[in-house]
Amino acid sequence: ARSLVVRHSSRMEAVMMQSPASPASQSSANLVANTEKRLACGTIAAYSAPRMPFSAIDLLIRPARITVYRDALGMTIAAQAMIVSLCKSADFLLGFMLGKLSDATRTRWGRRKPFIALCSPVFMICTLLLGSPGWFFSRPHSADGNSTVTTVSEACAALVDSSNRSSCVELKACIDAAVASSTLRPWNATDGNADGVAAAAPASLSAYFGVLYFLWYLSGWTSSLIPYDALGMELTSDYHERARLFGVKTAFQFMGYLLQIGVGLGVSLAFETDVLMQVRLQAVAYSALLGLCFALLLRSVAERPLRPPKHAPLPMVPAVRQLLANGPYRQYLVFKVPMTIASLLPANLIIDYIKYSMRIEDFNATYYVAFAIVLLCVFGAIPLLISAARRWGKKEVLATTCVVEALLFAVAFAIPPGAMADGPLYILCACVGFGMAASYVLPDALLADIIDYDELHTGLRSEGLYTVVESNLQQYAEIVGGVVPSLVAYFAGFQSLGGCSCGCGAKCDADYLRWSCPADVGYACTDGFGATLLYGEPDRAAPCTVQPEGVQWSFRVFFLAVPAACYLLAAIPAWKLPISSHSHRAIVAQLRAREAAEAAAARPAACSEAAEAET
């Protein structure tokens, strides 16, 4: 019977989506909509709260792969790209297994919360270690033994006044004497590392990053977040209540992003040129906050009771085939894949675009301001999107937003990176915030409706398996959004920090160095951004922001042009999704009617068994 339902699902979809509802079915649908219990505000808040530290951790670790492991510690861009690709590929199958296991689990605590309780502590430990590699590693210096990094003059360093970045006559005299005695290298002399290639990081750094990154993804984004997302889809079956729940969840998600932006900006001002310390302090704080939020969820959110399954669980491959037999879900994937890529690429590449395409030494300040504008606009957009989705429909609002985003990214791509500073970049960020809010709020609510449709045809609820596919889509979009641009940049000649040994956020060993590069040493009054350079052109661009033209173009294309194309590709299938508010009410009405019929049929059987027992 189940195979017949799947075989004829497309025919049934057409009937359901196109046939007008009878007055009786319309009345039943309205009754369902009116009797569905609204979720308590405390339940919604307790469920949504963990999304805040999760988002803060995501926004911390994602750029830390660049600023900490690649630039500050010297891991090659190709090695990191391959490690990320392997970790996500290995986690792919494990994610399917986890989702299937979560769907089949039955305990007195529920089927989602045990996974969260067991795996989230491992995720917190991995976050702490992944954000603190400076405890065990430092950036390797050039091998000639004569670089300025290894020949620091303690006498000159003692003359640095961190409160005075513009005037340092005594320090300059000390450096002049050190250069004359060959203790320090002249600012424009070529280093012994003549080919300009920085020393390679040790293999142990790659192993450390690879093991922790895999465990971080497995324990967090797979074993904790998949059950967490599935739990949210089970809390209510009301069409509009789901939009409210996922709207609040999205608000907490972007509150986490805003939290990271605010805290990150604060620690970047306190430890301006020490990115290792910036990331370490935040990793400790967000890990502790995540533990508190998950404890609140486990204590305050109860899972809805499940009916006993009418069929034995399907094996993995048939279960996935059944999932893909869901016509609305196939169309959902057609728009979800390009939309996921479009939303991930700017987040992954904004630092590289600011640092190497726009050539900004103090990239962190620009990055934090840009992201703050995005997130503030997201907060303003969420209530507007929820209201618009109620009035015009979720899929209509989503498709329109995709078209607008495509146009905005295309216009930004046509603007030269040097002209994007300040005004144009921030205007783009304000507009992008609205699109980001739509891509987070509406697809989750649409997927929950599609799962209801799947239950109508199969008799099974498979939130875990659907959530696994969502999670793996995110991971493989990460391969496109993170690995592919990195490999393209690598083959175009990318070098971390432009071949420099320090600078642009990677702290130098001497407090009078803004940067130390093969053909340019940035002797300055302090090591702070904007400190007066003592030699050469005082307004010259920091060489640690210099990359070959091919590298700059690769970042520009993947940051702006590819998202524009992906948003455009997502718009049409989003508009054509078959489940609307009206059809979803009909789906829920049929589910409730079936439940009532099954309950009525079970009562006589129970009475008969009781009578036989008395006899």
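Residues numbered from 1 in each chain as written. Predicted model: local features only at pLDDT ≥ 70, side-chain atom pairs only at ≥ 80, totals over all residues. Heavy atoms only, no water.

### Thoughts on the overall build of the protein
For the record, the criterion: The way it works is that DSSP assigns letters per residue, a run of H or I at least four long becomes a helix, a run of E at least two long becomes a strand, and they are numbered from the N terminus. Categorising residues by exposure relies on relative accessible area from a 1.4 Å probe, with only protein chains included: less than 20% of the type maximum marks a residue as buried, more than 50% marks it as exposed, and the intermediate range marks it as partly exposed. Every residue pair with non-hydrogen atoms within 4.5 Å of one another is taken to be in contact. Calculation of accessible area relied on Shrake-Rupley with a 1.4 Å probe; when residues are assessed, cover is drawn exclusively from the protein chains displayed.
Secondary structure assignment for the protein yields 21 helices and 3 strands. Buried positions account for 55% of the 615 residues belonging to the protein. Taking the contacts inside the protein whose residues are at least 6 apart along the sequence as the reference set, 84% of them involve residues at least 24 apart. With an accessible surface of roughly 24700 Å², the protein has 66% of that area assigned to carbon and sulfur atoms.

### Re helix α5 (residues 51–72)
Think of an α-helix as turning once every 3.6 residues; residues three or four places apart then point the same way. Here is the rule: The reported bend at a residue is simply the angle between two axes, fitted to the 7 residues ending at it and to the 7 residues beginning with it.
Of all the bends in α5, the largest measures some 50° and sits at Ala64. Along α5, 22 of the 22 residues are buried, which leaves the element largely enclosed by surrounding structure. Once α5 finishes, Gly74 follows within two positions and takes phi at roughly 90°, a positive value.

### Points about a nonpolar patch on the surface
Rules: Residues form patches when they are more than 30% accessible in relative terms and have no salt bridge. Like charges link within 9 Å. Nonpolar side chains (Val, Leu, Ile, Met, Phe, Trp, Tyr) link within 5 Å. Each reported salt bridge corresponds to a side-chain nitrogen of Lys or Arg within 4 Å of a carboxyl oxygen of Asp or Glu.
Judged by side-chain polarity, Val480, Val484 and Val488 come together as a nonpolar surface patch covering roughly 170 Å² of accessible area. With respect to the helices and strands, Val488 occurs in helix α19 (residues 463–491). What makes Val488 partly exposed here is its relative accessible area of 35%.

### Thoughts on the environment of Arg594
The test is simple: Polar contact criterion, stated in full: a pair of N or O atoms within 3.5 Å, where within protein one must be able to donate a hydrogen and the other to accept it, and residues adjacent in sequence count only if both atoms are side-chain atoms.
Within the secondary structure layout, Arg594 lies in helix α21 (residues 581–614). Between the alpha carbons of Arg594 and Gly459 there is a distance of 9.9 Å; along the sequence they are 135 residues apart. For Arg594, the contacting residues outside a window of four places in its chain are Glu455, Leu456 and Gly459. Within polar-contact distance, the side chain of Arg594 engages the backbone oxygen of Leu456 at 2.9 Å.

### Quick notes on the packing of α5 against helix α15 (residues 327–357)
Put simply, the test is: Note on geometry: axes are C-alpha line fits, over the in-contact stretch for helices, and angles between N-to-C directions span 0 to 180 degrees. Here the angle decides the label: under 35 degrees means roughly parallel, over 145 means roughly antiparallel, 65 to 115 means roughly perpendicular, and every other value means oblique. In a left-handed crossing the near helix is turned counterclockwise from the far helix by less than a right angle, and in a right-handed crossing that turn is clockwise. Nonpolar residues are Ala, Val, Leu, Ile, Met, Phe, Trp, Tyr, Cys and Pro. Charged residues are Asp, Glu, Lys and Arg, and all others, Gly as well, are polar.
Axis separation between α5 and α15 bottoms out at 9 Å; the angle between their running directions is 40°. Between α5 and α15, the crossing angle belongs to the class labelled oblique. At the point where α5 passes α15, the crossing takes the right-handed sense. Together, Arg62, Pro63, Arg65, Ile66, Thr67, Arg70 and Asp71 of α5 and Leu344, Ala347, Asn348, Ile351, Asp352, Lys355 and Tyr356 of α15 make up the contact between the two elements. When its residues are assigned to classes, the contact of α5 with α15 shows 6 nonpolar, 2 polar and 6 charged.

### Brief notes about the confidence of the model for the protein
Definition in use: What pLDDT reports is the predictor's confidence in each residue, on a scale of 0 through 100.
When the pLDDT values of the protein are averaged, the result is 79; 82% of them are 70 or greater. When pLDDT is averaged over each helix and strand of the protein, the minimum, 36, is found for helix α1 (residues 2–7) and the maximum, 92, for helix α20 (residues 549–575). Scored below 50 in pLDDT, residues 142–152 shows 26 contacts in the model against residues more than four places distant or in partner chains.

### Brief notes about the state of the cysteines
To be explicit about the condition: Any pair of cysteine sulfurs within 2.5 Å is marked as a disulfide.
Scanning the model with the defined rule gives 5 disulfides in all. Disulfide partner of Cys156: Cys174, at an S-S distance of 2.0 Å. Residues Cys156 and Cys174 are joined by a disulfide whose S-S torsion is about -95°; by sign, that bridge is left-handed. Here Cys156 is found in helix α8 (residues 154–157), whereas its partner Cys174 is found in helix α9 (residues 169–180), with 18 residues between them in sequence. Using a relative accessible area of 17% as the deciding quantity, one classes Cys174 as buried.

### Overview of the pairing of strand β2 (residues 513–517)
To be explicit about the condition: Strand pairing follows a simple DSSP-based rule, namely that at least 2 bridges must link the two strands.
Taking burial as the measure, the 5 residues of β2 include 5 buried ones, the bulk of the element. In textbook terms, the turn of a hairpin is the stretch between consecutive antiparallel strands, and for β2 and strand β3 (residues 520–523) this stretch comprises 2 residues.

### As for the environment of Val411
Mapped onto the elements, Val411 comes out in helix α17 (residues 394–414). On the basis of relative accessible area, Val411 is assigned to the exposed category, the value being 54%. Distance in space between the C-alpha atoms of Val411 and Leu428 is 9.4 Å, their sequence separation being 17 residues.

### Quick word on α9
Heads up, the condition is: Expected span of a helix: the number of residues minus one, times 1.5 Å. Note that the arc is computed from the directions linking the helix axis to the C-beta atoms.
For α9, spanning 12 residues, the distance from its first C-alpha to its last is 17 Å, which sits close to the expected 16 Å at 1.5 Å a residue. Buried within α9 are the following residues: Leu171, Cys174, Ile175 and Ala178. Projected down its long axis, α9 carries its buried residues within an arc of 95°, all on one side. Residues of α9 that are exposed and point over 90 degrees away from its buried face: Val169 and Ala180.

### Overview of the packing of α5 against helix α10 (residues 203–222)
Interhelical geometry of α5 versus α10 gives an angle of 160° and a closest axis separation of 13 Å. Considering their axes alone, α5 and α10 lie roughly antiparallel with respect to each other. α5 and α10 meet at a crossing whose hand is left-handed. On the side of α5, the interface is formed by Arg51, Phe54, Ile57, Asp58, Ile61, Arg65 and Tyr69, while α10 contributes Leu205, Tyr208, Phe209, Tyr213, Trp216, Gly220 and Trp221. Within the contact of α5 with α10, the residues separate by chemical class into 10 nonpolar, 1 polar and 3 charged.

### Remarks on the nonpolar core
The test is simple: As used here, the term nonpolar core means buried Ala, Val, Leu, Ile, Met, Phe, Trp, Tyr and Cys residues forming a set that is joined through side-chain atoms within 4.5 Å.
Formed by 149 residues in total, the largest nonpolar core has its most connected members in Trp216, Tyr329, Tyr332 and Phe335. If one sorts the elements of this core by residue count, helix α18 (residues 423–458) sits on top with 18 residues. When residues no more than four places from it in sequence are discounted, the contact partners of Tyr332 are Pro443, Leu446, Leu447, Ile450, Glu470 and Leu577.

### Overview of the pairing of β3
Burial along β3 is two-sided: the residues Asp520 and Gly522 and Val521 and Tyr523 are all buried. With 3 bridges joining them, β2 and β3 adopt antiparallel strand pairing. Note that in β3 the partner of Leu513 across the bridge is Tyr523.

### Points about the environment of Lys88
With respect to the helices, strands and loops of the structure, Lys88 is situated in helix α6 (residues 77–104). Residues Lys88 and Tyr476, spaced 388 residues apart in sequence, show a C-alpha to C-alpha distance of 7.2 Å.

### Side note on the pattern of salt bridges
Throughout the structure, instances matching the rule amount to 11 salt bridges. We note a salt bridge from Asp229 to Lys249, for which the minimum N-O separation is 2.7 Å. Note that Asp229 is positioned in helix α11 (residues 225–234) and Lys249 in helix α12 (residues 239–270), a separation of 20 residues in sequence. The residues Asp229 and Lys249 share a single accessibility class, namely buried. Each member of the salt-bridge network shares a partner with another, and the members are Arg70, Asp71, Asp352 and Lys355.

### Topic: the sheet that holds β3
Taking strand neighbours across the sheet as the criterion, the 3 strands line up as β1-β2-β3 in an open arrangement whose pairing is antiparallel. Since the sheet does not close on itself, it has two edges, and those belong to β1 (502–503) and β3, each with one partner.

### A look at the side chain of Gln278
With respect to the secondary-structure elements, Gln278 resides in helix α13 (residues 275–300). When its relative accessible area of 3% is taken as the criterion, Gln278 is described as buried. Of the polar contacts made by the side chain of Gln278, one reaches the backbone oxygen of Phe271; its length is 2.6 Å. Side chain to side chain, Gln278 and Asn364 meet in a polar contact 3.3 Å long. Beyond its immediate stretch of four places on either side in the chain, Gln278 contacts Val267, Ser268, Phe271, Glu272 and Asn364.

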